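The chain contents come next:
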Amino acid sequence: MELRVPRLISSVATETLAEALCEYGAVIVEEMLGADLLARFNAELDPLLAKVSPDRAYLNPAIDYFYGKRVRQITGVAAKSRIFAEEILCNPFYAAACDRILGPSCSGYQLNVAQVMDRGPGAEQQPLHRDEDVWVHLPRPHPEVQLASVIALVDFRAELGATLVAPGSHLWERERKARPEELVAAEMPAGSAVVYLGSTLHAGGRNTTSDEWRRAMHMSFVVGWLRTEENNTLSVPPDIAAGLPRRSQELLGYAVHDAISHGGGYLGAVDLLDPVELLAAGKL
Ligand SMILES: [Fe+2]
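Report follows, based on the coordinates. Just so you know, these numbers come straight off a predicted model, no measurement behind them.

**Some thoughts on the overall build of the chain**
Along the backbone of the chain there are 10 helices and 12 strands. Whereas a compact globule of 284 residues would reach a radius of gyration of roughly 19 Å, the chain reaches 18 Å, a difference of no more than 12%. Along the three orthogonal principal directions, the C-alpha set of the chain runs to about 50 × 40 × 40 Å. In the chain, which comprises 284 residues, the proportion classed as buried is 50%. Nonlocal contacts in the chain, meaning residues at least 24 apart in sequence, comprise 75% of its contacts between residues at least 6 apart. Here the chain displays about 13000 Å² of accessible surface, and carbon together with sulfur accounts for 54% of that area. If you average the places of the 26 positive and of the 37 negative side-chain charges in the chain, the two averages end up 4 Å apart.

Set out below in structure tokens:
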């Protein structure tokens, strides 16, 4: 395997994408967001980000350390951005990729977390990590349970802190550390995304510029039977979710995970019914 992150375009055949992801653990997908969508989304984010301070408290000191004090975050994005909830969350590229990568291990997948991460000048490199380690109790080996991505909302350059990826690390022994020369910066034009498996080592890069922000959208999906990192049905409560398309509601966790046809059961019911149906009936 060459030390690189393969480059594809979002209309790529799903099988080609899957082969590249299985070999390298990460791919750069160009043209994920078209120029018009990118411009509209950035315009929607501008006033939201202007209200965010990078100096904020997180839920514990480990998360404080991970994010630092130079990052502006917008969480619960589907509740704040109609463009995200309709056009980005339901992007057909992710649907095809999740069907292929997560589909065999679940009856349905869901949004794990979506957050805007605007990494400012002086933001340090994140510790290298695997996103799936939030589910540390999941026995290994296991099939891929998470498909993650960082969508570049500005041009990603190495000095701006483009995501660093260790290609092939999804296949490494868990204890193996990446050497600096084994990392590749996911440099890419705005509107592209680096898409990676939950088992791939990566980190947000160091922003060494003096005055530029690295605006990005982190979005990841997970099998429907694992607890999500962001509590999406509280971040996007029923009164807001009711106004979103049904597919968005399902991806936000309002649909039950129904494994009855696989010989399993169902998860996430309310009053023994499917919340997405209750939402449609105005009963949530
Ligand atoms: Fe990460």
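**Description of the coordination of the iron ion**
The textbook angles at a metal center are 109.5 degrees for a tetrahedron of four donors and 90 or 180 degrees for an octahedron of six. Looking at the iron ion, one finds its protein donor set to be His129 (NE2), Asp131 (OD) and His202 (NE2), positioned 2.1 to 2.2 Å from the metal centre. Counting the intervening residues between successive donors of the iron ion yields the motif H-x1-D-x70-H. Linking His129 in the loop between strand E4 (109-119) and strand E5 (146-152) with His202 in strand E9 (residues 202-203), this pair joins segments that are 73 residues apart in sequence.

**Side note on the packing of aromatic side chains**
By convention here, two paired aromatic rings are described through the distance between centres and the angle between planes. All told, the structure shown has 5 aromatic pairs when counted by the stated rule. The interplanar angle of 80 degrees and the centroid separation of 5.2 Å between the aromatic rings of Phe66 and Tyr67 together place this pair among those described as edge-to-face. The class of Phe66 is partly exposed, set by a relative accessible area of 22%. When the centroid spacing of 6.0 Å and the interplanar angle of 85 degrees are considered together, the rings of Tyr109 and Phe221 count as edge-to-face. Taken together, the residues span a long stretch of sequence, with Tyr109 in strand E4 and Phe221 in strand E10 (residues 214-223) at a distance of 112 residues. Under the relative-accessibility criterion, Phe221 is labelled buried at 1%. A network of ring pairs unites the aromatic residues Phe93, Tyr94, Tyr109 and Phe221 as a single cluster.

The rules we used
Residue positions within a chain follow its written sequence, with the count starting from 1. A pLDDT threshold of at least 70 governs which residues receive local features in this predicted model, and a stricter bar of 80 or more applies before side-chain atom pairs are shown or counted, although totals over entire chains, interfaces and linings include all residues. To get the side-chain values, all heavy atoms of the structure are used, and hydrogens and water are removed first. Each helix is a run of DSSP H or I of at least 4 residues and each strand a run of E of at least 2, with the numbering of both proceeding from the N terminus. The globule rule is 2.2 Å times the number of residues to the power 0.38, and the radius of gyration it is compared with is taken over C-alpha atoms. Burial classification: accessible surface area is computed with a 1.4 Å probe over protein chains only, and a residue below 20% of its type maximum counts as buried, one above 50% as exposed, and the rest as partly exposed. Any two residues whose heavy atoms approach within 4.5 Å are treated as being in contact. Each accessible area value is a Shrake-Rupley result obtained with a 1.4 Å probe; residue values ignore everything except the protein chains displayed when judging cover. We score Asp and Glu as negative and Lys and Arg as positive, and we do not count His or the chain ends. By convention, charge coordinates are those of NZ in Lys, CZ in Arg, CG in Asp, or CD in Glu. Donor criterion used throughout: N, O or S atom within 2.8 Å of the metal, extended to 3.2 Å for Na, K and Ca. Water excluded; incomplete-looking sites may result. A pair of Phe, Tyr and Trp rings is counted when the ring centres sit within 6.5 Å of each other, with Trp represented by its six-membered ring. The angle between the planes then sorts it: under 30 degrees is stacked, over 60 is edge-to-face, the rest tilted.

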